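Chains, contacts and geometry: an overview
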Amino acid sequence: MQPVGGPGDKVFPPTYSGGTYATEQRRLPGREQPVECVLLDSVQSQANRMELALLEAWERGQLPLPVVSVDFAGQGLLKPLRVTSLEAPHRIADALLRDSLLDGVPFRKSTRGKGLDQVDMKNATALFELCPTALVMGLWDSTGPRGGLGAKFARAMVSEIVGIEAVPGVKSSSRIDPAQILLGAGPVYMTKEGDWTVDVAAARTEKGKPVKVGKDGKPSEVNHGNITPSVDVRTGGFTIDHARRTTTLSLPALRRLRFPVGDEHDMRRDQAGRVVLAALGLCGATLARDMGGDLRSRCHLVAESASTWELIDRPGQPPEQFELEPDEAIALFSEAVAAARAAGLPWLDQELKLSPSPQLVALVRRSQELAADLAESNGED
């Protein structure tokens, strides 16, 4: 992959705590020495992009995918809010779904929700029925009734995008004020209403003195005036030789899963469930790739060649290669789901709609109101 501006164009990776980038040296085939690399899209972010791609296909009616949702419509919120199991950070185990109601009963205490309490690798049927993406992308039910002892499923699919031969750059910033407001036009003062003024008589006072905005009441404290050009050497992005997206799907991880129905175990049913999960992983990765590589501001990547899957089977034998287009991935997944249902596996074919609990509504409403107050006090639109 290359930046959309072409080789040598700068890309901006995600920043982490302290405004740092995730850089490291990696060993690569054909290179004698480790190579400087920078993470452009993390495993977690790639999983989220795949789930959003699946959600979009489901909303278009292209995928028979189980989806659990909670909708805050009609609850008097300042902003509309609807969250699905494909968007929630902890998937179906997220606290937003836990604290919602199904037919007036807390979701995790409902008949469907209780099924999630005892899932594990030898009995993953309830999770398969309600949220199969959790069996592909991973899940830790740490917010459920069992807390930290809740079910854990490791990721079967891992994907990331890394910039190779990464060279750090610098970032310049400046602001030229068209109104040419000068430093000497200040100071600016706080008013009693939380606004600002240059009229000292209208300023809020503390201990008999007018209160300046910021430390010195400079016009720049209220976003007016020029900003001296500066250079940021910590978060200035990178130039890279190229970017590489690597996506792996562990079939051995899927083979560990069992899908009993009632007390009955059936190897053919287990196999049908694993095929669905493998097809789901391939579908998510293919659809996400098809949505393009615009990762964030100033980090838009384009593929230089078609994406190829490799089936790694027998040791020492060359892997079998194949390509997969979105319509082929959707057809493959749909056929796998039909086969699994025919084998007796349960599958949620209608959206499971939850209602937010009163305490969750109150918490979200209060948060939105607080955010609006903060935005207003900061002068945001």
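Only a predicted model underlies this, so the values are computations on that prediction, with no experimental measurement involved. (Residues numbered from 1 in each chain as written. Predicted model: local features only at pLDDT ≥ 70, side-chain atom pairs only at ≥ 80, totals over all residues. Heavy atoms only, no water.)

Notes on the overall build of the chain
Scanning the chain for helices and strands turns up nine helices and 24 strands. Along the three orthogonal principal directions, the C-alpha set of the chain runs to about 85 × 60 × 35 Å. Here the chain, with 381 residues, has 41% of them falling under the buried criterion. Sequence separation of 24 or more characterises 71% of the internal contacts of the chain that already satisfy a separation of 6 or more. (Helix = DSSP H or I, 4+ residues; strand = E, 2+ residues; numbered from the N terminus. Buried < 20%, exposed > 50% of the residue type's maximum accessible area, 1.4 Å probe, protein only. Contact = heavy atoms within 4.5 Å.)

Here's the deal with the sheet that holds strand 7 (residues 105-106)
Strands sit in the order 5-4-24-6-7 across an open sheet of five strands; the sheet is mixed. Pairing within the sheet leaves two strands with one partner each, and these edge strands are strand 5 (82-84) and strand 7. Here two bridges tie strand 6 (residues 100-102) to strand 7, and the two strands are oriented antiparallel to one another. Counterpart to L102 in the pairing with strand 7 is V105. (Pairing = 2+ DSSP bridges.)

Quick notes on the pattern of salt bridges
A side chain with one charge may pair with a side chain of the opposite charge, provided their charged atoms come close. Summed over the entire model, instances satisfying the criterion amount to 15 salt bridges. Close ionic contact of E24 with R26 constitutes a salt bridge, the shortest N to O distance being 2.6 Å. Under the relative-accessibility criterion, R26 is labelled partly exposed at 25%. One salt bridge in this structure joins D117 and R108, with 2.9 Å as the shortest N-O distance. The exposure class of D117 is buried, given its relative accessible area of 15%. We classify R108 as buried; its relative accessible area is 7%. Through salt bridges with shared partners, one network takes in E24, R26 and E160. (Salt bridge = Lys/Arg side-chain N within 4 Å of Asp/Glu carboxyl O.)

Thoughts on a negative patch on the surface
Together, D290, E323, E325, D327 and E328 give the surface a local cluster of negative charge. With respect to the element layout, E325 can be found in the loop between strand 23 (320-322) and helix 8 (326-342). Taking the relative accessible area as the measure of exposure, E325 reaches 39% and is therefore partly exposed. (Patch = residues over 30% accessible without salt bridge, like charges linked within 9 Å, V, L, I, M, F, W, Y side chains within 5 Å. Areas by Shrake-Rupley, 256 points an atom, 1.4 Å probe, with all protein chains shown as cover. Lys, Arg positive; Asp, Glu negative; His and termini not counted. Charge placed at Lys NZ, Arg CZ, Asp CG, Glu CD.)

Here we look at a nonpolar patch on the surface
Together, V170, V231 and V233 line one region of the surface with nonpolar side chains, adding up to about 280 Å² of accessible area. Its place among the elements puts V231 in strand 17 (residues 227-232).

Here we look at the environment of H224
Along the chain, the position of H224 falls in the loop between strand 16 (209-210) and strand 17. Assessed through its relative accessible area of 30%, H224 is described here as partly exposed. Sequence spacing of H224 and D177 is 47 residues, and the spatial spacing of their C-alpha atoms is 6.9 Å. Excluding its chain neighbours within four sequence positions, the residues that come into contact with H224 are R175, D177, I181, W196 and P219.

Focus on unusual backbone geometry
Omega for the bond connecting G186 with P187 falls within 30 degrees of zero, at 0°, which places this linkage in the cis form. Note that P187 resides in the loop between strand 12 (171-175) and strand 13 (189-190). You will see that Q180, though not glycine, has its phi angle at about 50°, which is positive. Here Q180 lies in the loop between strand 12 and strand 13. With a phi close to 55°, K207 is a non-glycine residue in the positive phi region. Structurally, the position occupied by K207 is in the loop between strand 15 (205-206) and strand 16. You can call K207 exposed: its relative accessible area is 87%.

Side note on the pairing of strand 3 (residues 35-41)
The buried fraction of strand 3 amounts to six of the seven residues, a majority that puts the element mostly inside the structure. Relative to strand 3, strand 2 (residues 23-26) is paired through four bridges, and the arrangement is antiparallel. When the bridges of strand 3 are listed, E24 appears paired with C37.

Observations concerning the nonpolar core
Ranked by size, the top nonpolar core spans 71 residues in total, and within it L63, I92, L127, F128, L135, F153 and F333 carry the most contacts. Excluding its chain neighbours within four sequence positions, the residues that come into contact with F153 are V119, D120, M121, A124, L127, A134, L135, G138, L139 and L257. Counting 14 residues, the second-largest nonpolar core is a separate cluster that includes V11, F12, V38 and L295. (Core = buried A, V, L, I, M, F, W, Y, C linked by side-chain atoms within 4.5 Å.)

A look at the packing of aromatic side chains
If you walk through the whole model with that rule in mind, you get four aromatic pairs. Judged by centre distance (5.1 Å) and plane angle (55°), the ring pair of F128 and F259 falls under tilted. With F128 in helix 4 (residues 125-130) and F259 in the loop between helix 6 (251-255) and helix 7 (267-290), this pair connects stretches of sequence that are 131 residues apart. Accessibility classification places F128 together with F259 in one group, the buried group. Put simply, the rings of F128, F259, F333 and W347 pair up and form one aromatic cluster. (Phe/Tyr/Trp six-rings, centres within 6.5 Å; stacked < 30°, edge-to-face > 60°.)

Brief notes about the side chain of Q368
Turning to its location among the elements, Q368 is positioned in helix 9 (residues 358-377). The buried category is assigned to Q368, whose relative accessible area is 13%. In this view, Q368 contacts L77, L78 and K79; residues no more than four positions away in its chain are not counted.

What about the packing of helix 1 (residues 43-59) against helix 7?
Running from N to C, helix 1 and helix 7 cross one another at 90°; their axes reach a closest spacing of 8 Å. By the angle class used here, helix 1 and helix 7 are roughly perpendicular. Seen from helix 1, the contacting residues are R49, M50, A53, L54 and A57; seen from helix 7, they are L280, C283, G284, A285, L287 and A288. Across the contact of helix 1 with helix 7, the residue classes tally to nine nonpolar, one polar and one charged. (Axes fitted to C-alpha atoms, helices over the stretch in contact; angles between N-to-C directions. Parallel < 35°, antiparallel > 145°, perpendicular 65-115°, else oblique. Nonpolar A, V, L, I, M, F, W, Y, C, P; charged D, E, K, R; others polar.)

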